[in-house]
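# Understanding the architecture of this molecule
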Amino acid sequence: MASPAGIHRAVAARLTLIFATSIAIGGCTSHDATTPLPGYRIVRVVPHDSTAYTQGLVLADTIFYESTGLYGHSDVRIVDPATGAVRKSQPLSAERFGEGLALLAGRLYQLTWQSGVGYVYDAATLAAIDSFTYQGEGWGLATDGKSLIMSDGSDTLRFLDPATLAVTRRIPVTFSTGVPATRLNELEDIDGELFANVYQSDWILRIDPRNGMVREVLDLAALHQKARERFVTGDVLNGIAFDRRTGHLLVTGKNWATLFELSLENPPGIK
């Protein structure tokens, strides 16, 4: 989601209860998809703009594209991945709260939270090209190279035709126990597998987009703690990108001053 820190503290407790319940119901082993496991090694820590309320993150070649939120502060930007410096940015109007971001065929697609409108930009220049509308809230956005994949805070993902932006299908996301996986936020498609932040948690879900089943839960609580130890600033975990050159995952959070490069024990592509 995108509401500022502190608005939905009660939701975090409810989220924990839901996940704990799903684990209890399943009688999980260490390999069960509802069991959160660290499953990663920190390879590198790089700077990130701590003023960025990160909503969407994309790595293409040697460039980061990032969408940021908050009313009056939202933008889409091109970021130097080595230094965290903003090379170019395009602000949204003060009435728009920026959300998820996806790159497809040289175009950036950006959602907004409660305005029901998204924007299309030229990826090289950030010049506005088009806009589109949708029902409900906009949270996360990704692409599998054919469709745009959108989350809205519920347990359901929408697949959009990038030419018409019409919804072509919807899939509910569930744990192996059948418990719905709600509050899906920032998304990243990696080799046919969806990675999703769960809002106000330290978890990233690995989802099979064919049937919506959660295959694994990455618990990044220790990573979040490291971010807080290094810098006072920092809100919830949010922001997932993938470096195809190294096979590493790149993650950050809202107003984090760091971005972490991770090597996964179970890399994308392994079934």
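These numbers were taken from a predicted model, which means no experiment stands behind them.

Definitions and cut-offs
- Residues numbered from 1 in each chain as written.
- Predicted model: local features only at pLDDT ≥ 70, side-chain atom pairs only at ≥ 80, totals over all residues.
- Heavy atoms only, no water.
- pLDDT = per-residue confidence, 0-100.
- Contact = heavy atoms within 4.5 Å.
- Salt bridge = Lys/Arg side-chain N within 4 Å of Asp/Glu carboxyl O.
- Buried < 20%, exposed > 50% of the residue type's maximum accessible area, 1.4 Å probe, protein only.
- Helix = DSSP H or I, 4+ residues; strand = E, 2+ residues; numbered from the N terminus.

## Describing the confidence of the model for the protein
- The share of residues in the protein with pLDDT of 70 or more is 82%, and the mean pLDDT across the chain is 84.
- Note that pLDDT drops below 50 for residues 2-36; the model gives that stretch 63 contacts with residues more than four away or on any other chain.

## Points about the pattern of salt bridges
- For the structure on display, the rule yields 11 salt bridges.
- Between arginine 77 and aspartate 75 there is a salt bridge, and its shortest N-O distance comes to 3.1 Å. By the burial criterion, arginine 77 is buried, and aspartate 75 matches it.
- Note that arginine 206 and glutamate 216 form a salt bridge whose closest N and O atoms lie 3.1 Å from each other. Here arginine 206, found in strand β17 (residues 203-207), pairs with glutamate 216, found in strand β18 (residues 214-219); they are 10 residues apart in sequence, far enough to count as distant.
- Look at arginine 206 and you get buried, because its relative accessible area is 0%.
- Glutamate 216 sits in the buried class, given a relative accessible area of 14%.
- Overlapping salt bridges bring together Glu193, Arg206, Arg215 and Glu216 as one network.

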